[in-house]
Amino acid sequence: GKWERTISRHGRGPQEYIELTDFYLDSTDNTLNLVCPANKKIMKFDLDGKRFISEVQIPIVAFAMDQNRQGYYFGCSYNTPGKRVNANIIILDSLFRIKNIAFPISESWKSNQIGLSSPLSKYKGDIYYAEAITNNIYRCTKDSIHLCYE
């Protein structure tokens, strides 16, 4: 294909990012949402990427993300100093408050990210997580994580 446009720019200010690791499309408001882990924020654009809508700070360093009508679900590696959340899955509600944590990461793996570059997948509105080491697949809800396939 051919290049069409630039969405945002590199930097530390508003509408800027240090690194982009994932995105998701929000069907409830028809937006494109970019995950910026180093800035700990999500940037929201219209689906064409032409118009910036907003950005929100998040309490974690997320490398993968998807959303359903129950909340926001993140795949996450070991977090940066400060408020450490040492887990692979961190579930945040619609106000980006931590609701649930699953699959703790051992201290010996603390800064290593292994496995899939995007361990989250959406099917019929549900979020699924593929665990890298065991190859198990789990269904995530706002309150729990259920093993689906092993």
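Refer to the structure above for everything that follows.
Rules used throughout
Residues numbered from 1 in each chain as written. Predicted model: local features only at pLDDT ≥ 70, side-chain atom pairs only at ≥ 80, totals over all residues. Heavy atoms only, no water. Helix = DSSP H or I, 4+ residues; strand = E, 2+ residues; numbered from the N terminus. Buried < 20%, exposed > 50% of the residue type's maximum accessible area, 1.4 Å probe, protein only. Contact = heavy atoms within 4.5 Å. Pairing = 2+ DSSP bridges. Axes fitted to C-alpha atoms, helices over the stretch in contact; angles between N-to-C directions. Core = buried A, V, L, I, M, F, W, Y, C linked by side-chain atoms within 4.5 Å.

Draft legend 1. Expanded view of the overall build of the chain. Regarding its fold elements, the chain presents zero helices and 14 strands. The order of helices and strands in the chain, counted from the N terminus, is β-β-β-β-β-β-β-β-β-β-β-β-β-β. In the chain, which comprises 150 residues, the proportion classed as buried is 43%. A sequence separation of at least 24 residues applies to 34% of the contacts in the chain between residues at least 6 apart.

Draft legend 2. Quick look at the pairing of strand E12 (residues 126-130). When you tally the buried positions in E12, you get four out of five residues, the bulk of the element. Pairing geometry for strand E11 (residues 120-123) and E12, over four bridges, is antiparallel. Paired with leucine 120 across the bridge in E12 is tyrosine 129. Counted along the chain from E11 to the antiparallel partner E12, the turn is two residues long, and its residue lysine 124 has a positive phi close to 50°. Between the end of E12 and the start of strand E13 (residues 137-140), which pair antiparallel, lie six residues, with asparagine 135 showing a positive phi angle near 65°.

Draft legend 3. Representation of the sheet that holds E12. Taken in spatial order, the four strands line up as E11-E12-E13-E14 in an open sheet, and their pairing is antiparallel. Every other strand in the sheet has two partners, leaving E11 and strand E14 (145-149) as the edge strands with one partner each. Across the sheet, the mean angle from the axis of one strand to that of its neighbour is 35°, orientation sign disregarded. Where E13 lies against E14, four bridges are found, and the strand directions are antiparallel. Counterpart to arginine 139 in the pairing with E14 is histidine 146.

Draft legend 4. The nonpolar core, seen in detail. The biggest cluster of nonpolar side chains holds 15 residues, and the ones touching the most others in it are Ile42, Ile58, Ile60, Ala62, Met65, Phe74 and Ile90. Secondary structure elements with two or more residues in this core: strand E8 (71-75) and strand E9 (87-92). It is E9 that contributes the most residues to this core, three residues altogether. Counting twelve residues, the second-largest nonpolar core is a separate cluster that includes Ala64, Ile91, Phe103 and Leu120.

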